[in-house]
Amino acid sequence: MARRRKRKSRRRQEGRRILESVPQFSIDCGDDKPVTAARRFIHAEGILPPALLLVKRNEHTTDRYFWAEKGLFGAQYVEENHFLFPSLRQSEDDAEPVAVGAHG
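Residues numbered from 1 in each chain as written. Predicted model: local features only at pLDDT ≥ 70, side-chain atom pairs only at ≥ 80, totals over all residues. Heavy atoms only, no water.

1. A few points about the sheet that holds strand β3 (residues 62-68)
Quick reminder of the rule: At least two DSSP bridges between two strands are needed for those strands to be called paired. Helix and strand definitions here come from DSSP, where helices need a minimum of 4 consecutive H or I residues and strands a minimum of 2 consecutive E residues; each element is numbered from the N-terminal end. Axis definition: a line fit to C-alpha positions, over the contact stretch in the case of helices; interaxial angles, taken between N-to-C directions, run 0 to 180 degrees. Pairs of residues are marked as contacts when any of their non-hydrogen atoms sit within 4.5 Å.
Spatial strand order, β1-β2-β3-β4: four strands in an open sheet with mixed pairing. The open sheet terminates on both sides in strands that have one partner only, identified here as β1 (24-28) and β4 (71-74). Strand-to-strand twist of the sheet, defined as the mean angle between neighbouring strand axes without regard to direction, takes the value 30°. When strand β2 (residues 51-56) meets β3, the two strands line up antiparallel, connected through six bridges. Bridging across to β3, Leu-52 finds its partner in Phe-66. Packing against the sheet, helix α2 (residues 34-45) makes contact with β1, β2, β3 and β4, and its axis sits at approximately 130° to β2.

2. Remarks on the environment of Ile-47
One can find Ile-47 in the loop between α2 and β2. It is 9.6 Å that separates the C-alpha atoms of Ile-47 and Phe-25, two residues lying 22 residues apart in sequence. Once you skip the residues sitting within four places of it in the chain, Ile-47 turns out to touch Phe-25, Phe-41, Ile-42 and Trp-67.

3. Quick word on a nonpolar patch on the surface
For the record, the criterion: Like charges are joined within 9 Å and nonpolar side chains (Val, Leu, Ile, Met, Phe, Trp, Tyr) within 5 Å, but only among residues with over 30% relative accessible area and no salt bridge; these make up the patches. The protein chains shown are the only cover counted for residues, whose accessible areas, like all others here, come from Shrake-Rupley with a 1.4 Å probe. Salt bridge criterion: a side-chain nitrogen from Lys or Arg within 4 Å of a carboxyl oxygen from Asp or Glu.
A surface patch of nonpolar side chains, amounting to about 270 Å² of accessible area, comprises Tyr-77, Phe-83 and Leu-84. Considering the arrangement of structural elements, one finds Phe-83 in the loop between α3 (75-80) and α4 (86-95).

4. Examining the pattern of salt bridges
Side-chain pairs of opposite charge can arise whenever the charged atoms involved come near each other. Selection rule: Type-normalised accessible area, obtained with a 1.4 Å probe on protein chains alone, sets the label of each residue: buried when under 20%, exposed when over 50%, and partly exposed for intermediate values.
As enumerated under the stated definition, the model contains six salt bridges in all. One salt bridge in this structure joins Glu-14 and Arg-17, with 2.7 Å as the shortest N-O distance. Here the residue Glu-14 and the residue Arg-17 both occupy positions in helix α1 (residues 10-19), the gap between them amounting to three residues, near one helical turn. Residue classification places Glu-14 among the partly exposed positions, given a relative accessible area of 25%. On the accessibility criterion, Arg-17 (32% relative accessible area) is partly exposed.

5. Quick word on the pairing of β2
To keep it simple, the criterion reads: Convention used here: a crossover is right-handed provided that the path from the first strand, over the helix, to the second strand proceeds clockwise when the strands point away from the viewer.
Burial analysis of β2 places five of its six residues in the buried class, the great majority of the element. Sheet topology places β1 next to β2; five bridges connect them, and they run parallel. Paired with Gln-24 across the bridge in β2 is Leu-52. Chirality of the crossover, the property in question, places the unit of β1, α2 and β2 among those that are right-handed. Where β2 folds back on β3, the antiparallel hairpin that results is connected by five residues.

6. Some remarks on the packing of aromatic side chains
The condition that has to hold: In this scheme Phe, Tyr and Trp rings, the latter by its six-membered ring, pair at centre separations within 6.5 Å, and the angle between planes marks the pair as stacked below 30 degrees, edge-to-face above 60, and tilted otherwise. Charges are assigned to positions over rings by a cutoff of 6 Å between ring centre and Lys NZ or Arg CZ, combined with an angular limit of 35 degrees from the ring normal.
What the rule picks out here adds up to five aromatic pairs. Measuring from ring centre to ring centre gives 6.0 Å for Phe-73 and Tyr-77, while their planes differ by 15°; the resulting arrangement is stacked. With a centroid separation of 5.0 Å and an interplanar angle of 80°, the aromatic rings of Phe-73 and Phe-85 are classed as edge-to-face. Residue Phe-73 is located in strand β4, and its partner Phe-85 is located in the loop between α3 and α4; the two are separated by twelve residues in the primary sequence. Residue placement shows Lys-70 over the ring face of Phe-85; its charged tip is 5.4 Å from the ring centre.

Listed below in structure tokens is the structure:
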């Protein structure tokens, strides 16, 4: 039986594109839970928002977190709701080139 392809959300694709312009940090969680490792890394390194943290849980799994002014969020949530984060709005404006001239 043919498997149907999962529909890609435009809003999530847009959020993923916006997150690509944010600084990324890759860390290993060690003995901590991934979210704890991310929080400790942010505190130790003095990372300012916005930032994307890729926390390697084991050789197969990497958790993604977004560090915002409001706190630490799962990256998937941020992709779907990027319009709720003011720091991403600035990045969105920087990432999009402005078209000059008339289109006809």
